[in-house]
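# Structure assessment
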Amino acid sequence: MDKNKAVKNLDKVISKVEAARLRVSEHHIVKIIGISKYSNAEDVAMLYNAGQRAFGENKVQDLKQKSQELDELPLEWHFVGRLQKNKINNLIDLNPTLMQSLDSLELAYELNKKLKTKNKTMSCLLQINSAKEDSKAGVLPEEAKEVYEKISKECSNIKLKGIMSIGAHVEDREIITNSFKITKSIFDELKEYNPKYCSMGMSSDFELAIACGSNMIRVGSTLFK
Ligand SMILES: *Cc1c(COP(=O)(O)O)cnc(C)c1O
């Protein structure tokens, strides 16, 4: 990717996000996370120069490599992938801005235990498997509130900031919309916990996700192509 391409890609995403969020409300602010998993540090730096500040990775090793390589830049780093138990300590040491893929109570307990040992905290989103797809991680919609409550009460080193979900992996826009609506309704049900982020929407469906109430999108391929 060259400099012009980075500016063009980012401008395109920003324009679409801007139009989509204004259709919801003038006050509906959407945060854009650039998912750099298919790309390299050089391209992240290009997008940084174009104005993008928040990036995400789905592997701890890649997060480590890119964040260290770009150590000089004031970037936010998000983790969005499956976290294996044996990588928990590595992730904690990287101080991610937001861990978006806390996908079970079991993982929360394990993460909390290790955070305690290191006397640290981590901001996280509870991942919801709203489309109920076997291939996807996350808690089921009907369990979401209970699990969110339990983590909030029992895991003092985890700072829950909301929820994350991946839209249904189908062509049918109605089915995708439905999975986003389920996620948004869970977000609304959590009001008493003051959730901040409803993270949903990727390259192929972020405008739809915003229309359904998303306030954080994770775009990879469309930004880094
Ligand atoms: C890869 C990935 C994205 C970005 O996907 P694109 O379709 O390339 O925009 C978003 N969220 C998660 C959890 C991912 O793994």
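Keep in mind the model is a prediction, meaning the values are calculated, not measured.

### Concerning the overall build of the protein
Secondary structure summary: the protein contains nine helices and eight strands in total. Oriented by its inertia axes, the alpha-carbon framework of the protein measures out at about 50 × 40 × 35 Å. A buried classification covers 51% of the 225 residues belonging to the protein. Restricting to contacts in the protein with at least 6 residues of sequence separation, those with at least 24 account for 60%. Surface accessibility of the protein: about 11,200 Å² in total, with carbon and sulfur atoms responsible for 45%. If you average the places of the 35 positive and of the 31 negative side-chain charges in the protein, the two averages end up 2 Å apart.

### Brief notes about the UniProt feature "modified residue: N6-(pyridoxal phosphate)lysine" (unreviewed entry) in the protein
With numbering aligned to this structure, UniProt lists the feature "modified residue: N6-(pyridoxal phosphate)lysine" (unreviewed entry) at Lys-37. Topologically, Lys-37 is positioned in the loop between β1 (31-35) and α2 (41-50). By relative accessible area, Lys-37 is classed as partly exposed at 31%. Leave out the neighbours within four places in its chain, and Lys-37 touches Gly-56, Glu-57, Asn-58 and Lys-66.

### Concerning the pairing of strand β4 (residues 98-102)
Counting buried positions along β4 yields five of five residues, so the element is predominantly enclosed. The pairing of strand β3 (residues 76-79) with β4 spans two bridges and is classified as parallel. Bridge assignment links Phe-79 to a residue of β4, and that residue is Met-99. Handedness of the β3-helix α4 (residues 88-93)-β4 crossover: right-handed. Judged from the two bridges that link them, β4 and strand β5 (residues 122-128) form a sheet pairing that is parallel. What sits directly across from Leu-102, in β5, is Leu-126. Viewed along the sheet, the connection from β4 through helix α5 (residues 105-117) into β5 turns out right-handed.

### A word on the UniProt feature "domain: Alanine racemase N-terminal" (unreviewed entry) in the protein
Here, UniProt's "domain: Alanine racemase N-terminal" (unreviewed entry) annotation points to residues 29-224. With 41% helix and 20% strand, the stretch residues 29-224 has end C-alpha atoms that lie 23 Å from each other.

### Some words on helix α1 (residues 3-24)
With 22 residues, α1 should reach 32 Å at 1.5 Å per residue; the first-to-last C-alpha distance of 32 Å fits that figure. Along α1, the residues that are buried comprise Ala-6, Asn-9, Leu-10, Val-13, Val-17, Ala-20 and Arg-21. Seen end-on, α1 carries its buried residues on one side only, within an arc spanning 100°. Opposite its buried face, α1 presents the exposed residues Asn-4, Lys-8 and Arg-23, each directed more than 90 degrees away.

Conventions we followed
Residues numbered from 1 in each chain as written. Predicted model: local features only at pLDDT ≥ 70, side-chain atom pairs only at ≥ 80, totals over all residues. Heavy atoms only, no water. Helix = DSSP H or I, 4+ residues; strand = E, 2+ residues; numbered from the N terminus. Buried < 20%, exposed > 50% of the residue type's maximum accessible area, 1.4 Å probe, protein only. Contact = heavy atoms within 4.5 Å. Areas by Shrake-Rupley, 256 points an atom, 1.4 Å probe, with all protein chains shown as cover. Lys, Arg positive; Asp, Glu negative; His and termini not counted. Charge placed at Lys NZ, Arg CZ, Asp CG, Glu CD. UniProt positions renumbered as here; feature names shortened; annotations may be inferred. Pairing = 2+ DSSP bridges. Right-handed = clockwise from strand over helix to strand, strands pointing away. Expected span 1.5 Å × (residues − 1). Arc of directions from axis to C-beta.

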